[in-house]
Amino acid sequence: MTQTWKMRISGAAAGTVNGLFGGGGGTVLVPLLTAWCKIGQKRAMANCVAVILPLCALSAVIYLLRSGLHLLTALPYLMGGLAGGLLGGKLFRRVPGPWLRRIFGVFLVYGGVRYLL
């Protein structure tokens, strides 16, 4: 299978997860890009942000049209998310790739345990 097809399949998996759960496509995409597509950790995470943005926008429009999204309710955590995204983007260059992988893994385990319990 060519690298292009691996990337397309990875993107489709991320889009499916994002649409199904209202987010979380990056939790699928980063491991696929690093392990299956053999992209470095930092590059995979940076590309993931570029891919997830339009997926989230599309999912938000679909949820808005189907009355599953209330913009006034979302506004407070949207503002916090924007501030966190700015901080994370600034820290990204300073954190080595292996540490990004570890931190990402901790968040995945934490989220998994929360959902199971």
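Now for a look at the structure at hand. (Residues numbered from 1 in each chain as written. Predicted model: local features only at pLDDT ≥ 70, side-chain atom pairs only at ≥ 80, totals over all residues. Heavy atoms only, no water.)

### Observations regarding helix α3 (residues 41-65)
For the record, the criterion: Secondary structure is summarised from DSSP: a helix means a run of H or I of at least four residues, a strand means a run of E of at least two, and numbering begins at the N terminus for each. Helices are assigned an expected span. That span is 1.5 Å times one less than the residue count. By definition, a residue's bend is the angle between the axes fitted to the seven residues ending there and the seven starting there. Residue burial is assigned from relative accessible area. The probe radius is 1.4 Å, only protein chains are included, and a residue is buried under 20% of its type maximum, exposed over 50%, and partly exposed in between. Only heavy atoms matter for contacts: two residues are in contact if any of them lie within 4.5 Å across the pair.
Its 25 residues place the ends of α3 36 Å apart at the C-alpha level, agreeing with the 36 Å of an ideal helix rising 1.5 Å per residue. At Ile52, α3 shows its maximal kink, close to 25°; a proline, Pro54, follows between one and four residues later. Residues of α3 that are buried include every one of Gln41, Ala44, Met45, Cys48, Ile52 and Ser59, and no others. Its buried side turned inward, α3 meets α1 (3-21), α2 (25-36), α4 (71-92) and α5 (97-116).

### A closer look at the layout of surface pockets
To find the voids left in a structure, one rolls a probe of water-molecule size over its atoms. Where we set the bar: Here a cavity is any set of points on a 1 Å grid over the protein atoms alone where a 1.4 Å probe fits but cannot get out, and a pocket is any open set with protein on both sides within 12 Å along at least 5 of 7 lines; a residue lines the site when it has an atom within 4 Å of a point. Grid points are joined across faces, edges and corners, and a volume is the space filled by probe spheres set on the points. Note that Gly is not counted as nonpolar here; it falls among the polar residues with everything else outside the nonpolar set of Ala, Val, Leu, Ile, Met, Phe, Trp, Tyr, Cys and Pro and the charged set of Asp, Glu, Lys and Arg.
Counted as a void, the largest pocket has a volume near 1,600 Å³. Considering the residues around the largest pocket, the lining is formed by 39 residues, among which Gly24, Gly26, Val49, Ile52 and Cys56 are closest to the centre. At the level of secondary structure, the elements contributing two or more residues to the lining of the largest pocket comprise α1, α2, α3, α4 and α5. Of the voids in this model, the second largest pocket is the one considered here, and its volume is about 210 Å³. Forming the boundary of the second largest pocket are Gly22, Cys56, Ser59, Ala60, Tyr63, Gly68 and Leu69. Class assignment of the residues belonging to the lining of the second largest pocket gives a composition of 4 nonpolar, 3 polar and no charged.

That is the geometry; function is a separate question.
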